[in-house]
Amino acid sequence: MQIWRSKSSPNNKVPIALTIGNFDGVHLGHQAILSRLRNAADKLGIAACAMTFEPHPREFFAPDQAPTRLTSLREKFEQLAKSNVDCIRVYRFNYDFAKISPEEFISQLLQKELSVRWLLVGDDFRFGARRAGDVTMLKALSKQHGFEVEEMPSFLIDGQRVSSSRIREALEDGDLQTAHRLLGRPYSMSGRVINGDKLGKKLGFPTANIHVKHNRPPLSGIFAVNVYGANKSTPFLAFPGVASLGVRPTVHENGKPTLEVHLFDFDRPIYGYHLQVDFLHKLRDEEKYPDLDTLARQIHKDVIQAKSFLHSIK
């Protein structure tokens with residue numbers, strides 16, 4: 001899979017099948033779109049590509065009001081790669097990009113720059129300055145610009161539309177089962193293991209401190225987890241553990257979001273490893289304890305509960 005930034009272009013422009021979206025979470029609705037894209041591209045004998053934006057337009061215009069991300073940019077790329085797209089085109093969303101008219105979007109980006117031959121968009125797709133362009137406009141102008149447009153209906157589960165906002169709500173409520181059902185997989189976060197303050201080891205529960213790229217993670221608390229990437233020779237081997245995701249109020253007054261994972265029966269150094277943490281079950285909310293001894297006793301209880309849950313789903 002190739003990734004093209006807005007300031008870079010492939011050397012040889014060839015016709016492509018394209019879909020456009022934010023793809024936050026790459027949930028089942030997104031996966032249905034990407035599957036249809038792949039099938040159409042194969043039928044036409046052209047590459048299947050996805051266009052996305054960085055940052056999300058709502059983050060650019062109103063960062064304090066924008067929804068929290070389900071996936072970092074790297075995580076989004078990893079999930080898109082699993083959907084077998086050939087390339088991703090990432091456009092830097094800024095004031096200049098926001099001023100592009102719908103007509104320019106079609107003629108300059110889709111036709112001239114990307115050589116789109118077949119385009120798939122959701123039924124609620126809007127584009128161009130002030131979101132003035134819609135599917136009706138795309139279909140009206142597509143023939144003169146040499147491409148075909150297909151409209152994808154909303155993907156429904158139990159009669160309800162699958163969306164990133166529904167997944168955020170489920171995660172905020174600690175409802176990991178619903179999030180799993182809408183994503184088609186457990187919700188996960190990934191990052192590199194970095195040096196921490198070694199507090200977990202002092203308390204008797206050594207942890208991997210994972211760099212969090214989410215300024216506002218969509219969930220918090222203590223969780224039973226499976227971790228991937230701790231063994232480089234078998235990257236798909238799952239290691240069970242218990243994870244804490246939050247600001248650690250017992251340790252810091254104004255802490256930043258931190259993801260720490262204690263792997264059961266594991267004592268190998270993994271600094272620098274890139275790990276994926278699958279959140280399987282929420283044990284409890286984060287709490288502030290009067291002292292570290294009380295915290296250690298609670299961690300011991302968390303470990304027991306996490307092991308019990310993970311054993312029950314084997």
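Residues numbered from 1 in each chain as written. Predicted model: local features only at pLDDT ≥ 70, side-chain atom pairs only at ≥ 80, totals over all residues. Heavy atoms only, no water.

Trainee: Explain the overall build of the protein chain to me, please; I cannot follow it from the model alone.
Mentor: When helices and strands are tallied, the protein chain shows ten helices and 14 strands. Within the protein chain, buried positions represent 50% of all 314 residues. For the protein chain, contacts bridging at least 24 residues in sequence account for 73% of all contacts bridging at least 6. Total accessible area on the protein chain is roughly 16,500 Å²; 49% of this is exposed by carbon and sulfur atoms. Taking the 43 positively charged and 35 negatively charged side chains of the protein chain as two groups, their mean positions are separated by 5 Å. (Helix = DSSP H or I, 4+ residues; strand = E, 2+ residues; numbered from the N terminus. Buried < 20%, exposed > 50% of the residue type's maximum accessible area, 1.4 Å probe, protein only. Contact = heavy atoms within 4.5 Å. Areas by Shrake-Rupley, 256 points an atom, 1.4 Å probe, with all protein chains shown as cover. Lys, Arg positive; Asp, Glu negative; His and termini not counted. Charge placed at Lys NZ, Arg CZ, Asp CG, Glu CD.)

Trainee: How should helix H5 (residues 102–113) be read in this particular structure?
Mentor: Given 3.6 residues to a turn, an α-helix orients residues that are three or four positions apart in the same direction. Buried residues of H5: Pro102, Phe105, Ile106, Ser107, Leu109 and Leu110, and no others. Contact partners of the buried residues in H5: strand S2 (16–20), strand S3 (47–54), strand S4 (87–92), helix H4 (95–98), strand S5 (116–122) and helix H6 (135–142). Positive phi appears at Ser115, one or two residues downstream of H5, with a value of about 55 degrees.

Trainee: What is the right way to read the packing of aromatic side chains from this model?
Mentor: The relative placement of two aromatic rings is captured by the distance of their centres and the angle of their planes. One pass over the structure, following the stated rule, counts 13 aromatic pairs. Ring centres of Phe223 and Phe279 lie 5.1 Å apart, and the angle between their planes is 80 degrees; on these two criteria the pair is classed as edge-to-face. On the criterion of sequence distance, the pair formed by Phe223 in strand S11 (residues 221–228) and Phe279 in strand S14 (residues 274–284) is long-range, its members being 56 residues apart. Each of the two residues, Phe223 as well as Phe279, counts as buried. One aromatic cluster is present, built from ring pairs that chain together Phe53, Phe60, Phe61, Tyr91, Phe93, Tyr95 and Phe97. Across from the ring centre of Tyr273, 4.4 Å away, lies the NZ or CZ of Lys232, which sits over that ring. Just above the ring of Phe264 sits the side chain of Lys307; from NZ or CZ to the centre is 5.1 Å. (Phe/Tyr/Trp six-rings, centres within 6.5 Å; stacked < 30°, edge-to-face > 60°. Lys NZ or Arg CZ within 6 Å of the ring centre and 35° of its normal.)

Trainee: It is not clear to me how the nonpolar core should be interpreted in this structure. Could you clarify?
Mentor: If you look at soluble globular proteins, the nonpolar side chains tend to sit buried side by side. In this structure, Leu219, Leu259, Val261 and Phe279 are the most contacted members of the largest nonpolar core, which totals 33 residues. Those elements giving two or more residues to this core turn out to be helix H7 (164–172), helix H8 (176–183), strand S9 (187–194), strand S10 (208–210), S11, strand S12 (239–246), strand S13 (258–263) and S14. In terms of residue count, H8 provides more of this core than any other element does, four residues in total. Listed in part, the 27 residues of the second largest apolar core include Phe53, Tyr91, Leu138 and Val149. (Core = buried A, V, L, I, M, F, W, Y, C linked by side-chain atoms within 4.5 Å.)

Trainee: What am I meant to see in the packing of H5 against H6 here?
Mentor: For any two helices packed against each other, one specifies the crossing angle of their axes together with the interaxial distance. Relative to each other, H5 and H6 sit at 50 degrees, their axes nearing to 11 Å. In terms of orientation, H5 and H6 fall into the oblique class. The two elements H5 and H6 cross, and the hand of that crossing is right-handed. Mapping the contact onto sequence places Pro102, Glu103, Ile106 and Leu110 in H5 and Met137, Leu138 and Leu141 in H6. Of the residues contributing to the contact of H5 with H6, the split by class is six nonpolar, no polar and one charged. (Axes fitted to C-alpha atoms, helices over the stretch in contact; angles between N-to-C directions. Parallel < 35°, antiparallel > 145°, perpendicular 65-115°, else oblique. Left-handed = near helix turned anticlockwise from the far one by under 90°. Nonpolar A, V, L, I, M, F, W, Y, C, P; charged D, E, K, R; others polar.)

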